[in-house]
Structures are given as structure tokens and as C-alpha cells.
There are 2 protein chains.
Amino acid sequence: MQKQGEDILKNSALSVTASRKRILEIFLAADNALAHQDIETKCADQYDRVTIYRTLQTFLEKGIIHNIPSTDNMVRYALCNDACITTGHHHDNHVHFRCDQCGKTVCLDDVNIPPVNLPRGYTMKEINMVVNGICKSCK
Amino acid sequence: MQKQGEDILKNSALSVTASRKRILEIFLAADNALAHQDIETKCADQYDRVTIYRTLQTFLEKGIIHNIPSTDNMVRYALCNDACITTGHHHDNHVHFRCDQCGKTVCLDDVNIPPVNLPRGYTMKEINMVVNGICKSCK
DNA sequence: AATACTTTTGCAACAAAGTTGCATTCTTAA
DNA sequence: TTAAGAATGCAACTTTGTTGCAAAAGTATT
Ligand SMILES: [Mn+2]
Ligand SMILES: [Mn+2]
Ligand SMILES: [Zn+2]
Ligand SMILES: [Zn+2]
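A brief structural summary. Every value quoted in this text rests on a predicted model; they were computed, and no experiment measured them.

1. Here we look at helix α2 (residues 18-29) of chain B
Residue and element names in this part refer to chain B.
Then, in step 1: Over its twelve residues, α2 extends 16 Å from the first C-alpha to the last, a length consistent with the 16 Å expected when each residue adds 1.5 Å.
Then, in step 2: For α2, the complete set of buried residues consists of Ser19, Arg20, Ile23, Leu24, Ile26 and Phe27. Seen from one end, α2 has its buried residues packed into an arc of 155°, which puts them on one side.

2. Focus: the packing of helix α3 (residues 36-43) of chain A against helix α4 (residues 49-61) of chain A
Residue and element names in this part refer to chain A.
Then, in step 1: For the pair α3 and α4, interaxial distance at closest approach is 10 Å and the crossing angle is 135°. Relative to α4, the element α3 is oriented oblique. Seen from above, α3 lies across α4 with right-handed handedness. Here α3 contributes His36, Ile39, Glu40 and Cys43 to the contact with α4, which in turn contributes Arg49, Ile52, Tyr53 and Leu56.
Then, in step 2: Within the contact of α3 with α4, the residues separate by chemical class into five nonpolar, one polar and two charged.

3. Looking at the coordination of the manganese ion (ligand 1)
Residues and elements named next belong to chain A.
Then, in step 1: Only His66 (NE2), His94 (NE2), His96 (NE2) and Cys107 (SG) from the protein coordinate the manganese ion (ligand 1), and they sit 2.0 to 2.3 Å from it.
Then, in step 2: Considered as a linear motif, the donors of the manganese ion (ligand 1) on their single chain read H-x27-H-x1-H-x10-C. A residue pair is termed long-range when its members are at least 10 positions apart, and His94 in strand β4 (residues 94-99) and Cys107 in strand β5 (residues 105-112) qualify at 13 residues.
Then, in step 3: When its relative accessible area of 5% is taken as the criterion, His94 is described as buried.

What counts as what
- Residues numbered from 1 in each chain as written.
- Chains lettered and ligands numbered in written order.
- Predicted model: local features only at pLDDT ≥ 70, side-chain atom pairs only at ≥ 80, totals over all residues.
- Heavy atoms only, no water.
- Helix = DSSP H or I, 4+ residues; strand = E, 2+ residues; numbered from the N terminus.
- Expected span 1.5 Å × (residues − 1).
- Buried < 20%, exposed > 50% of the residue type's maximum accessible area, 1.4 Å probe, protein only.
- Arc of directions from axis to C-beta.
- Axes fitted to C-alpha atoms, helices over the stretch in contact; angles between N-to-C directions.
- Parallel < 35°, antiparallel > 145°, perpendicular 65-115°, else oblique.
- Left-handed = near helix turned anticlockwise from the far one by under 90°.
- Contact = heavy atoms within 4.5 Å.
- Nonpolar A, V, L, I, M, F, W, Y, C, P; charged D, E, K, R; others polar.
- Donors = N, O, S within 2.8 Å, 3.2 Å for Na, K, Ca; no water.

Following this line, the structure appears as C-alpha cells:
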């Protein structure tokens, strides 16, 4: 697993640093999307808050992670799938699910966002779908 | 227009106060969704920041406005349509659009969110769709 | 219209989140 | 091994959001 993180960094032409490896490790081990705060909780003793901000920003730009919109001012992040990483820009098209019970946000990698028709004049570049409800673990 | 704001407040069994009327006015005059900050800019000289927070919270709870998720930690708010207000809880089902050019977020009231099938075990309670791209005013 | 009761507001104080510049340390490639 | 460039930590700061409480405003009743 250590190795996997390094590979991701190298594939994205990023230098391999301790904090980046650690943050990737955290994502690889997580079963749900993580907010900045979640990551801070797991490693603020080792790495500076600012470093975490900058690392997430870098990972976003490199297409290593994608962010998930929210109405609670807690943007969450999840690893992109391999396809997304290798091509260098996002083409995620899956639905996200937020459980009202356990609060976890997950990628439903197998559920594609259904197509939608915009009014004349609008150009679509990206699309996000977030469903709220109860997850399968909670009920 | 003054009158309209008062009616909304009375329909929701809220007391009619100057700040609430003013904030409703701002929403009624806006052609796009507003973040807390936008509202503050327009009336921080008249009303306290805390009052704006509490007013938005109240409006949300009463179903006068709904919020729109974002990936920039700026939740935006827009008026619910009449149907939504009168019943007292949200049943918005329209798509939101965020323009990458002008930065405006709008309700596409006529575009319904297409249905999506979740994996077995997941229960859907609410659904949000936000599309990014270029709006009709910008191109 | 005056009263009593309830709700809302503003203020202060605070906590949390996010940003920026810069010196130091670490990575990488020659 | 070294030099150049990139990333990190720290400090200082700004912005955003929260809470308790006293004062003010709104509402219902007489
Ligand atoms: Mn995802
Ligand atoms: Mn809307
Ligand atoms: Zn759950
Ligand atoms: Zn636009």
C-alpha cells in the first residue's frame, strides 16, 4: 500500500514527500469521502494544517482526487478511479451518496449520472449529483 | 414588492421584521442564487452578520429558501417556488447551473432532475444536481 | 392605546476555517 | 555530491461561523 501511493505521485509527476504519501494512505484506507477536517484529525500532529490545504489543492489539480459538493460547507474529497488519474483530468460521472444517519459520503462508482437536457444556450462542462438518504450500512 | 415579502413571512407564521423583509427583498430582486456573503455585502451596514445567519437558517427551516450545494464552501440560497413554500417542506426537483464565466448560480426551474437507480439497500430522500458550464448570458 | 408576553436583534467574545509570505528543509536531476 | 527548484512549517492574518445574553421590537390581549 505504501508503494501504491508513491506510484500515484510519480504518475502525476509530483515529488514524493512524506506528507503526500501519508495523505494518500489515508485516502486509500478510507471507505468514504473525507473533508479537510477529517484528514487534519488523522495527521495534524505530523503535518501542518497549511500543508494539508496545499496538498489537497495539488491532488485536485492533478486529478488524483475529486471533490464532492455539499450544503454544509464541508467539501469532501475522494480518490479518482485509475482511468481518471491516468488521463490527468476528471471524467467522473458517478453519483455520490450522503447518509443522513452515519453522515458518510461515498462514491457510487457504478451508478452513472443520467443525462439531462439543458435549456437552449447553456453549455454543460461538468455535472454533479448528490443523493441524500440512508445508506445500506445504516438500514 | 414590499407587500410580497410580508406575505411570505405571514404565510410561514413568522413575525414581520425589518431585516427579514429586507433580506427577502434582496432575494426577490436577485436573478441568481445568493451566498451569505452576497447578502452581507448588500446589507451589513443595516443589519448584523449574526442576524443574517439566523434569518437564512429560519428561512431554510420554513421552506422559504433552499440551498444549493457547492464545491467552493459557499453554499448559495434561492427562493423556493410558491408550491414549495405553502406546503412547508421542500420538494424542489430542479437542476441548478453554475456558470464558470460569470460565476452566477441559477435555478433551472423547468429542468427536472432525471430519476436515478441506487444500488440495493440505499434509500433516497433528497437529490441534488448541479451542472457547471457556460450560461446563456455568457455565450 | 397600553400592557404583558414572546421573539428577534445586536453586541461581544469566541472558535474554526482558510490564506499569504518567507525562511528552512527536502527532492530531484545533473 | 551538489545545485536548483519544490514543498513544508511557521507566524501572522483574514474570513467565516457560533453562542450567550441584554436590549429592542413584534404580537396578541385587554
Ligand atoms: Mn466520487
Ligand atoms: Mn433552486
Ligand atoms: Zn449510513
Ligand atoms: Zn454566465
